[in-house]
Amino acid sequence: MDFKKILYTIGLSLMIFNASAQQALLDQAEKEYNNYAYADAIAIYEKLAAKGFEDQKMFQRLGNAYYFNADLAKASIWYDRLFAISAQQEPEYLYRYAQSLKAAGDYVKADKMLEEFNKKSSADTRGILFAGNRNYLEQIKGNSGRFAIYPAGVNSKSSDFGSAFLGNSLVFSSARQIENKEGKTFKWTNKSFTNLYIAPINADGSTGSPLLLNKEINSKFNESTPVFTKDGKTMYFTRNNYLDGKRGKDGQNITLLKLYKASFIDGNWTNIRELPFNSDEYSTAHPALSVDEKKLYFASDMPGTFGQSDLFSVLINPDGSYGRPENLGAQINTEGRETFPFISADNQLYFATDGRPGLGGLDIVVAEMMQDGTYGQVQNVGEPVNTRSDDFAFIINSVTRKGYFSSNRKGGAGSDDIYGFTETRQLVCERTLTGTVTDNKTGAVIAGAVLTLVDEDKQEVAKVQTADDGSYSFTCNCNKKYAVRAEKKLYSPKENSVVIAIAAENKLDLKLEKPVIALLENPEIKGVKVGTDLAKTLNISMIYFDLGKWNITDKAAAELNKILAVMQEYPSMKIDIRSHTDSRSSAQSNMILSDKRAKSIVSWLTSKGIDADRLKGKGYGESKLLNRCKDGVKCSEEEHLKNRRSEFVISSM
């Protein structure tokens with residue numbers, strides 16, 4: 001045979017062999033990946049990549065495997081390779097790439113990926129939240145610096161996470177190797193399965209040496225994230241689908257997570273029972289209890305989930321049965337992961353999420369739980385609790401402001417570590433409300449206008465004057481409703497309401513009117529004298545009050561603004577306010593009611609800056625009727641209305 005043909009045949013055979021071996025490795029990696037054995041899949045894929053093999057699907061799988069194993073910095077390396085091959089990827093890869101870029105510290109490129117993600121998935125909450133909160137890093141910075149953190153003292157070289165208070169002890173999950181025991185490994189990570197441990201908490205927040213909680217709780221699979229009732233007699237916890245020696249699997253032969261309940265009897269945790277809303281086909285995990293312990297909160301990907309995992313709640317009935325799980329809704333959940341809930345004694349819901357603008361990976365956020373079942377604005381708790389890595393499983397003692405959280409940040413003892421903290425300053429979300437006051441007709445800015453900020457309880461919070469450019473600003477609390485009232489001589493007061501948003505610019509411009517300028521320039525006004533009734537001269541409508549009432553209505557205030565403007569123009573003018581009623585009701589009650597109305601008008605004018613010594617108010621009841629409609633005479637409503645009036649008689653100029 002020709003020597004060249006021999007070489008060609010050998011080379012072709014090697015190529016076929018290499019291609020066959022390569023395909024075999026790809027098939028094996030795909031099998032491991034589909035079985036959630038991500039650590040093994042990574043090893044095979046990286047072996048192929050080291051030999052120069054490039055494939056879009058392989059880079060997707062490599063990025064995902066690291067992403068799902070919470071190693072986002074390494075995930076970004078393979079997503080880089082993926083997008084170098086083709087920038088046209090499904091939206092979810094854009095989001096994962098953005099999260100991974102944040103973990104690598106590249107927020108500028110991450111935000112560009114999020115912009116593209118929002119274009120391709122315009123209805124996705126994650127993109128909407130980003131688009132409406134482009135200055136999220138500044139807001140997180142404003143919430144930062146409130147915690148002094150330290151390693152909890154229970155960490156090992158393995159994974160330690162998911163702690164809970166049990167009296168003066170800390171119970172947590174750990175994948176550390178149990179002494180003198182060969183443990184199986186969890187194929188997702190190729191690490192040991194986790195068990196529950198307990199350690200005493202010292203007065204300064206440090207911990208003593210941890211011990212296994214007890215053998216009956218700790219099975220040969222994963223146990224994690226417990227929560228305990230206040231009396232210490234009941235525990236809810238997470239475990240792989242395993243009970244009484246039987247392992248459950250879903251339709252793809254995967255053992256998922258379930259919630260279990262155990263009782264503390266004779267010094268041991270026993271009587272382990274599966275919660276009835278579990279399923280072999282979806283996971284339930286990471287329980288938390290409401291303050292009154294009548295509701296259980298948890299994370300799940302059960303039907304009805306918005307994203308990869310959502311937070312749910314379920315009623316715990318007095319007889320120990322459970323209601324139907326309810327999704328916490330779009331105020332809390334996104335298309336991403338919401339997980340590890342915790343409810344503090346002051347009704348704050350803490351949880352971890354990767355579906356909201358954050359620093360990278362899972363970030364810990366908090367929302368106030370309202371009495372009506374809704375939630376306040378979700379806020380990022382800031383650094384140093386949150387980092388570019390996964391930060392999660394936050395718990396806090398609301399009295400001491402001490403607590404613990406878990407993180408896979410760099411510099412820890414293991415892959416996940418538990419950190420203790422002291423909250424040095426509680427989170428008060430504040431935002432700046434700005435605006436400009438202008439003339440509604442000319443558009444000219446109005447300097448020196450008095451702006452008053454009023455809260456929902458009608459209490460004055462602050463007062464400022466507009467600058468030369470007509471601008472003003474107030475510092476307000478997030479998610480609260482305020483009213484801003486603007487006042488300026490010769491202008492009608494203007495009041496508008498605003499709800500302070502955490503994720504947007506808060507701006508409220510006000511335009512003031514000059515309704516009495518024409519009247520003040522009228523010769524009749526310039527010629528007013530003692531004895532003149534301003535109500536008639538200014539053609540003011542009757543100052544109407546609701547039947548039997550004396551409070552100033554909005555309609556009455558609009559008319560009183562004209563009186564106010566005249567008194568501001570003539571600072572020495574004094575007026576006598578006379579209030580009258582019709583003849584209905586008794587003469588005595590009418591006298592009392594009219595006097596209250598007169599004094600209510602005086603009070604309103606003094607609240608606008610008119611000196612009290614310039615005002616006199618008196619009620620005359622039904623003693624000065626303008627028509628025949630006295631007691632016993634049948635009159636129309638219109639005739640009675642003429643007698644219900646207020647007069648503003650000039651007593652001094």
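Residues numbered from 1 in each chain as written. Predicted model: local features only at pLDDT ≥ 70, side-chain atom pairs only at ≥ 80, totals over all residues. Heavy atoms only, no water.

## Some words on the overall build of the protein
And then number 1: When you go through the protein residue by residue, the secondary structure sums to 14 helices and 35 strands.
And then number 2: Relative to its length of 653 residues, the protein is extended, with a C-alpha radius of gyration of 36 Å against a globular reference of 26 Å.
And then number 3: Along the first, second and third principal axes, the C-alpha set of the protein runs to 130 × 75 × 50 Å.
And then number 4: A buried classification covers 50% of the 653 residues belonging to the protein.
And then number 5: Here the protein displays about 31,800 Å² of accessible surface, and carbon together with sulfur accounts for 50% of that area.
And then number 6: Of the charged side chains in the protein, 83 are positive and 81 negative; the average position of the first set lies 3 Å away from that of the second. (Helix = DSSP H or I, 4+ residues; strand = E, 2+ residues; numbered from the N terminus. Rg over C-alpha atoms; globule rule 2.2 N^0.38 Å. Buried < 20%, exposed > 50% of the residue type's maximum accessible area, 1.4 Å probe, protein only. Areas by Shrake-Rupley, 256 points an atom, 1.4 Å probe, with all protein chains shown as cover. Lys, Arg positive; Asp, Glu negative; His and termini not counted. Charge placed at Lys NZ, Arg CZ, Asp CG, Glu CD.)

## Remarks on the sheet that holds strand β9 (residues 234-240)
And then number 1: As summarised here, the arrangement of the four strands in space is β8-β9-β12-β13, forming an open sheet in which the pairing is antiparallel. Each edge of the open sheet carries a strand with a single partner, namely β8 (223-228) and β13 (268-274). Across the sheet, the axes of successive neighbouring strands diverge by a mean angle of 30°, strand direction being ignored.
And then number 2: One ladder, built from four bridges, connects β8 with β9; its direction is antiparallel. If you follow Phe228 over to β9, its bridge partner there is Met235. (Pairing = 2+ DSSP bridges. Axes fitted to C-alpha atoms, helices over the stretch in contact; angles between N-to-C directions.)

## A word on the nonpolar core
Across soluble globular proteins, you tend to see nonpolar side chains buried next to one another.
And then number 1: Counting residues in each nonpolar core, the largest one holds 39 residues, and the members touching the most others are Tyr45, Met58, Tyr79, Phe83 and Met113.
And then number 2: Counting only elements with at least two residues in this core, the list comes to α1 (3-34), α2 (38-50), α3 (56-68), α4 (72-85), α5 (91-103), α6 (107-120) and α8 (136-143). (Core = buried A, V, L, I, M, F, W, Y, C linked by side-chain atoms within 4.5 Å.)

## Notes on the packing of aromatic side chains
And then number 1: With the rule as written, the count across this model stands at 29 aromatic pairs.
And then number 2: On the basis of an interplanar angle of 65° and a centroid distance of 6.2 Å, the ring pair of Phe130 and Tyr136 is categorised as edge-to-face.
And then number 3: Judged by its relative accessible area of 3%, Phe130 falls in the buried class.
And then number 4: Taken together, the ring pairs connect Tyr33, Tyr38, Tyr67, Phe68, Tyr79, Phe83, Tyr93 and Tyr97 into an aromatic cluster. (Phe/Tyr/Trp six-rings, centres within 6.5 Å; stacked < 30°, edge-to-face > 60°.)

## Overview of the sheet that holds strand β6 (residues 195-200)
And then number 1: In spatial order, the strands read β2-β3-β6-β7; together these four strands make up an open sheet with antiparallel pairing. A strand with exactly one partner marks an edge of an open sheet, and here the two such strands are β2 (160-166) and β7 (211-212).
And then number 2: As paired strands, β2 and strand β3 (residues 169-174) are joined by five bridges and run antiparallel to one another. The partner of Phe161 across the bridge, within β3, is Ser173.

## A few points about the side chain of Asn278
And then number 1: Structurally, the position occupied by Asn278 is in the loop between β13 and β14 (284-289).
And then number 2: By relative accessible area, Asn278 is classed as buried at 10%.
And then number 3: At 2.7 Å, the side chain of Asn278 forms a polar contact with the backbone oxygen of Leu259.
And then number 4: Apart from the residues lying within four places of it in its own chain, the contact partners of Asn278 are Lys258, Leu259 and Thr284. (Polar contact = N/O pair within 3.5 Å; in protein donor to acceptor, adjacent residues only side chain to side chain. Contact = heavy atoms within 4.5 Å.)

## As for α3
And then number 1: Given a rise of 1.5 Å per residue, 13 residues ought to cover 18 Å, and the 18 Å separating the end C-alpha atoms of α3 matches this to within 8%.
And then number 2: Within α3, ten of the 13 residues are buried, which leaves it mostly tucked inside the rest of the structure.
And then number 3: When α3 is considered as a whole, its buried residues turn out to be Met58, Phe59, Gln60, Arg61, Leu62, Gly63, Asn64, Ala65, Tyr66 and Tyr67.
And then number 4: The residue sitting at the N-terminus of α3 and contributing the capping side-chain oxygen is Asp55; that oxygen lies 3.1 Å from the backbone nitrogen of Lys57.
And then number 5: Ala70 sits one or two residues past α3 and shows a positive phi near 65°. (Expected span 1.5 Å × (residues − 1).)

## A closer look at the state of the cysteines
And then number 1: Enumeration over the complete set of coordinates arrives at one disulfide.
And then number 2: In this model Cys629 forms its disulfide with Cys635; the gap between the sulfur atoms is 2.1 Å. Here the S-S torsion is close to -105°, and the disulfide linking Cys629 with Cys635 is therefore left-handed.
And then number 3: As a non-bridged cysteine, Cys476 has Cys478 as the owner of its nearest cysteine sulfur, 9.3 Å distant. (Disulfide = S-S within 2.5 Å.)

## Things to note about the pairing of β3
And then number 1: Burial of β3 is extensive: six of the six residues sit out of reach of the surface.
And then number 2: Neither face of β3 is left uncovered, since the one carrying Ser169, Val171 and Ser173 and the one carrying Leu170, Phe172 and Ser174 both have all their residues buried.
And then number 3: In this structure, the hairpin formed by β2 and β3 is closed by a connection of two residues, where Gly167 is found at a positive phi of approximately 60°.
And then number 4: In this structure, β3 lies alongside β6, joined through six bridges in antiparallel fashion. Note on β6: the bridge partner recorded for Ser169 is Pro200.

## Brief notes about the side chain of Ser344
And then number 1: For Ser344, the location among the structural elements is in the loop between β18 (338-343) and β19 (348-353).
And then number 2: The class for Ser344 is buried, based on a relative accessible area of 1%.
And then number 3: A polar side-chain atom of Ser344 sits 2.3 Å from a polar atom in the side chain of Asp346.
And then number 4: Setting aside residues no more than four positions away along its own chain, Ser344 makes contact with Val291, Tyr350, Ile396 and Ser398.

## So, the confidence of the model for the protein
And then number 1: Residue-level pLDDT values for the protein average 88, and 91% of them are 70 or greater.
And then number 2: Contacts for the low-pLDDT stretch residues 12-17, under 50 throughout, to residues beyond four places or in other chains number zero contacts. (pLDDT = per-residue confidence, 0-100.)

## A word on the pattern of salt bridges
And then number 1: For the structure shown, the criterion picks out 32 salt bridges.
And then number 2: Its salt-bridge partner being Glu116, residue Lys119 comes within 3.4 Å of it at the nearest N-O pair. Taken together, the residues span about one helical turn, with Lys119 and Glu116 both in helix α6 at a distance of three residues.
And then number 3: Classification of Lys119 as exposed rests on a relative accessible area of 62%.
And then number 4: Residue classification places Glu116 among the partly exposed positions, given a relative accessible area of 33%. (Salt bridge = Lys/Arg side-chain N within 4 Å of Asp/Glu carboxyl O.)

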